[in-house]
Amino acid sequence: RDDDDINDVASMAGVNLNEESARIMATNSDLVGSQIQSCKDEPFLAAIPLHKRILETAKKLGITDVPAEVVTFISHATQNRLRTVIEKVTVITQHRMESYKDDEWYEQATDVRAQLKFFEQLERLEKQRKDEQEREILLKAAKSRSRQEDPEQARLKQKAKEMQQQELAQMRQRDANLTALAAIGPRKKRKLDTPGLLSIGGEGLGVSGGSQAGLGTASPRQYPRQKITRVNLRDFIFYMEQEREMSHSLLLYRALLK
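Since the model is a prediction, treat every value here as computed from it, not as a measurement.

Scanning the protein chain from N- to C-terminus turns up eight helices and two strands. Secondary structure elements of the protein chain, listed N to C terminal, follow the sequence α-α-α-α-α-α-β-β-α-α. The burial tally for the protein chain puts 10% of its 258 residues in the buried class. Considering only intrachain contacts with a sequence separation of at least 6, the fraction spanning at least 24 residues in the protein chain is 40%.

Below you can see the structure in the form of structure tokens.
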């Protein structure tokens, strides 16, 4: 009676159980009767060189035989370890590349780039002031008309003469450059909206059509640029400093020396 009750409820809802069973069997027909088995276990590293390397290490510990299962296990462990390292270093690199300038929850406390520019400007002004002082000394030495000149005075006069010749050569070169630019004339800007030009990456590329009919203006395509995560040595050093088994290793010491 329970089956009859179920059939009655299904028929009252307009569902035919026989048709539904046939549809399920037809949908999963490729799975019914098929045998599923695991994929072939392929090692990540080359088996022969790895086996030879393991035997060399095992002989030092008094082990003469290493089965193939050990080689496969070490190969999979190496693959898993390498995957873990790459994942962690990728996360470190992504954190390093994050920018918080436009984030409303952060405000800039110091600007190192502006500070460096300020110090560079100070050094430039100091160098300019020293050059002006040296130039004044050389000009005074060149204008002096003392009869008894010491070797230092003669050296200053010679240096002043060389400085004047160098300034004159720079002025002539600058005048020649201005004359050449005036003869060439103003540069004409390339028109990017001309018919038959396809704008890719900000450059116009000609497109030749098969027929000689009027070529319409091609709509600019924007190809999606693949985001590349570039990992540098600093990211690996930071990763090794955070790892317990590598924070005092010789590898970290060698990386810090590079």
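Don't stop here, the text continues.
Moving on: the nonpolar core. Core analysis: the largest hydrophobic core is formed by nine residues, namely Val85, Val89, Ile92, Ile237, Tyr239, Met240, Met246, Leu252 and Ala255. Elements supplying a minimum of two residues to this core: α4 (68-97), α7 (233-242) and α8 (250-257).

Its 14 residues give helix α3 (residues 47-60) an end-to-end C-alpha distance of 20 Å, which sits within 8% of 20 Å, the value for a rise of 1.5 Å per residue. Among the residues of α3, those classed as buried are Leu50, Ile54 and Ala58. In an axial view of α3, the angular spread of the buried residues amounts to 70°, which keeps them on one side of the axis. Turned more than 90 degrees away from the buried face of α3, the exposed residues are Ile48, Pro49, Lys52, Arg53, Lys59 and Lys60. Buried residues along α3 sit against α4. Once α3 finishes, glycine 62 follows within two positions and takes phi at roughly 85°, a positive value.

Overall, the prediction assigns the protein chain a mean pLDDT of 77, with 72% of residues at 70 or greater. A low-confidence stretch, residues 194-216 stays under pLDDT 50, and its non-local contacts, those more than four residues away or across chains, total 26 contacts.

It is the contact of α3 with α4, at a shortest axis distance of 10 Å, that shows an interaxial angle of 105°. The pairing of α3 with α4 is recorded here as roughly perpendicular in orientation. From α3, Ala47, Leu50, His51 and Ile54 reach across to α4, where they touch Val71, Ile74 and Ser75.

What follows deals with the pattern of salt bridges. The full count for this structure, using the stated rule, is six salt bridges. Its salt-bridge partner being lysine 88, residue glutamate 243 comes within 3.1 Å of it at the nearest N-O pair. In this pair, glutamate 243 sits in the loop between α7 and α8 while lysine 88 sits in helix α4, placing the two residues 155 residues apart along the sequence. Close ionic contact of aspartate 235 with arginine 96 constitutes a salt bridge, the shortest N to O distance being 2.8 Å. One end of the pair, aspartate 235, is in helix α7; the other, arginine 96, is in helix α4, with 139 residues separating them in the sequence. You can call aspartate 235 buried: its relative accessible area is 2%.

Before going further, it helps to spend a moment on the packing of α4 against α7. At their nearest, the axes of α4 and α7 sit 9 Å apart, and the two run at 115° to each other. Looking at the two axes, α4 sits roughly perpendicular to α7. Crossing of α4 against α7: the hand is right-handed. Mapping the contact onto sequence places Arg81, Val85, Lys88, Val89, Ile92, Thr93 and Arg96 in α4 and Arg234, Asp235, Phe236, Phe238 and Tyr239 in α7. Across the contact of α4 with α7, the residue classes break down as six nonpolar, one polar and five charged.

So, how was this worked out
Residues numbered from 1 in each chain as written. Predicted model: local features only at pLDDT ≥ 70, side-chain atom pairs only at ≥ 80, totals over all residues. Heavy atoms only, no water. Helix = DSSP H or I, 4+ residues; strand = E, 2+ residues; numbered from the N terminus. Buried < 20%, exposed > 50% of the residue type's maximum accessible area, 1.4 Å probe, protein only. Contact = heavy atoms within 4.5 Å. Core = buried A, V, L, I, M, F, W, Y, C linked by side-chain atoms within 4.5 Å. Expected span 1.5 Å × (residues − 1). Arc of directions from axis to C-beta. pLDDT = per-residue confidence, 0-100. Axes fitted to C-alpha atoms, helices over the stretch in contact; angles between N-to-C directions. Parallel < 35°, antiparallel > 145°, perpendicular 65-115°, else oblique. Salt bridge = Lys/Arg side-chain N within 4 Å of Asp/Glu carboxyl O. Left-handed = near helix turned anticlockwise from the far one by under 90°. Nonpolar A, V, L, I, M, F, W, Y, C, P; charged D, E, K, R; others polar.

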